[in-house]
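Listed below are the residues making up each chain.
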Amino acid sequence: MEFVEGIREKDTLELTELLKKQETDGEILVEGTVHSIRKMGEIAFVILRKREGLLQTVWEEGKTNISISDLKEGDCIRAAGTIRREARAPHQKELRLCAVRILSSPAAPLPLAIDKWKLNTSLETKLNLRPISLRNIKERARFKIQEGVCRGFREFLYTRGFTEVHTPKIGAKGAEGGSNLFKLSYFHKPAVLEQSPQFYKQMMVGVFDRVFETGPVFRAEKHNTRRHLNEYTSLDFEMGYIDGFMDICAMETGFLQYTMELLKREYAEELKILGVNLPETRKIPTVRFSQAKELAAEKYGRKIKNPFDLEPEEEALIGQYFQEEYGADFVFVTHYPSKKRPFYAMDDPEDERFTLSFDLLFRGLEVTTGGQRIHDFHMLTEKMEKRGMSQEGMEQYLDTFKYGMPPHGGLGIGLERLTMQLLGEDNVREACLFPRDMNRLEP
């Protein structure tokens, strides 16, 4: 009988371990995928793709146990060799091969030239061939940076006393209301895919005071734009015992500051590959909704068309205004009209036409929606009544407030939109591993 007693250490080295090796350290072992082959007569450069980046290896006729003609792009290999310094190689080191064993080979040639620095193909083709296109170094670097954003969110909130929760994605009723819900049959009962974890994270404030979640949300909106997805990843948090909605803005600012430092420290290679300039996060300006519209209209000569919401062009102009006037990449737009916010949004006691809520614009695109919630049971039910809403199906949510809740608020951040703006991409699908939109359910 065999017992498993923990991790089995491999005798092969990863890139960071390999780069610490010296020319005098003797033979070492590596594993990787053949990313590209450049034949130069009696030698060939075989570039291996590993999880941490590219490694240049050198095949030499008569010194390597395998013919170069037996190797092809896409082969997964185990190789033995010795380290040599080479200023022109990635990381200034290369592996001189003495033995190669092919672990697996592709059954067909690659449909994309993934070894090119930039994939010379359309977005549609990249998405159709997503499992292959993501093997390109620049393509996959996007999602390492996205990992850093998500990691920063988790790490920062852990340091601020938040508890991570995982809420259901199938529900009986949507948090936001309206018609943008995917409906399904759940054992012969009507159900929906959740458009937000809002109700559940509010419930959990009554348990843990501060909670957060990262997970998918679903919006059945018939938008086919560069900024919309029908399934996206939301970074959500909710916190109790707040003094006002600006506590939420301050917490998000702290997250952004922490995350940009994390990216600078831990993801420098990916930032360099993509040429990313990290945004300024030392201080973020705030502006009331109505004032933001007026500032953009006055400076750029744009007539205000919709007094209750921001149109995409307005968001872009507001972002441009604060970049030009204050050098700010982010701006909090606060006090959105009550009629454009969900029923649970706290109205401004000084003017009930507006709410104690906000959006965060990043380089002219909304990436966050948040604010203070109504925590008083009677105030909540009165607002529902004013809006003509029924309490049917909402009993368990309302019970949360019936039995006492602290003043609280929170937000939701669109991970793909935040990544898109951070990378300077023009389409949110570039920042989504496997996009789901009106026309795409595969791969």
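Throughout what follows, the structure given in this document is the object of discussion. (Residues numbered from 1 in each chain as written. Predicted model: local features only at pLDDT ≥ 70, side-chain atom pairs only at ≥ 80, totals over all residues. Heavy atoms only, no water.)

Focus: the pairing of strand β3 (residues 53–60)
Here is step 1 of the chain: Burial of β3 is extensive: 7 of the 8 residues sit out of reach of the surface.
Here is step 2 of the chain: Examined bridge by bridge, strand β2 (residues 43–50) and β3 share 8 bridges and lie antiparallel to one another. Its bridge partner lying in β3, Arg 49 is registered against Leu 54.
Here is step 3 of the chain: Once β2 ends, the chain turns through 2 residues before running back antiparallel as β3.
Here is step 4 of the chain: In this structure, β3 lies alongside strand β5 (residues 93–104), joined through 3 bridges in parallel fashion. Within β5, the residue paired with Val 58 across the bridge is Arg 96. (Buried < 20%, exposed > 50% of the residue type's maximum accessible area, 1.4 Å probe, protein only. Helix = DSSP H or I, 4+ residues; strand = E, 2+ residues; numbered from the N terminus. Pairing = 2+ DSSP bridges.)

Side note on the sheet that holds strand β16 (residues 357–362)
Here is step 1 of the chain: Read from one edge to the other, the open sheet built from 8 strands follows the order β6-β10-β11-β18-β17-β16-β13-β12, with strand pairing classed as mixed. Both edges of this open sheet fall to β6 (163–164) and β12 (286–288), since each of them pairs with a single strand only.
Here is step 2 of the chain: Helix α8 (residues 289–300) rests against β12 and β13 (330–334) of the sheet, and its axis sits at about 95° to β12. (Contact = heavy atoms within 4.5 Å. Axes fitted to C-alpha atoms, helices over the stretch in contact; angles between N-to-C directions.)

A look at the environment of Ser 234
Here is step 1 of the chain: Within the fold, Ser 234 resides in strand β11 (residues 231–240).
Here is step 2 of the chain: Here Asp 236 takes part through its side chain, which lies 2.5 Å from a polar atom of the side chain of Ser 234. (Polar contact = N/O pair within 3.5 Å; in protein donor to acceptor, adjacent residues only side chain to side chain.)

Thoughts on the side chain of Arg 417
Here is step 1 of the chain: Within the secondary structure, Arg 417 sits in helix α12 (residues 415–423).
Here is step 2 of the chain: Residue Arg 417 is classed as buried on the basis of its relative accessible area, which comes to 14%.
Here is step 3 of the chain: One polar contact links the side chain of Arg 417 to the main-chain carbonyl oxygen of Glu 366, over a distance of 2.9 Å.
Here is step 4 of the chain: Those residues in contact with Arg 417 that sit more than four places away from it in its chain are Arg 227, His 228, Leu 365, Glu 366, Val 367 and Val 428.

Regarding helix α4 (residues 137–159)
Here is step 1 of the chain: Between its terminal C-alpha atoms α4 stretches 33 Å, which fits the 33 Å expected from 23 residues at 1.5 Å a residue.
Here is step 2 of the chain: Put simply, Asn 136 is the residue that caps the front of α4, since its side-chain oxygen is 3.0 Å from the backbone nitrogen of Lys 138. (Expected span 1.5 Å × (residues − 1).)

Remarks on the environment of Asp 399
Here is step 1 of the chain: Within the element layout of this structure, Asp 399 appears in helix α11 (residues 395–402).
Here is step 2 of the chain: A relative accessible area of 29% means that Asp 399 is categorised as partly exposed.
Here is step 3 of the chain: The sequence separation of Asp 399 and Trp 117 amounts to 282 residues, and the corresponding C-alpha distance is 56 Å.

Re a nonpolar patch on the surface
Here is step 1 of the chain: A cluster of nonpolar side chains, namely Ile 170, Tyr 186 and Phe 187, defines an oily patch on the protein surface of about 340 Å² accessible area.
Here is step 2 of the chain: Looking at the secondary structure, you find Tyr 186 in strand β8 (residues 183–186). (Patch = residues over 30% accessible without salt bridge, like charges linked within 9 Å, V, L, I, M, F, W, Y side chains within 5 Å. Areas by Shrake-Rupley, 256 points an atom, 1.4 Å probe, with all protein chains shown as cover. Salt bridge = Lys/Arg side-chain N within 4 Å of Asp/Glu carboxyl O.)

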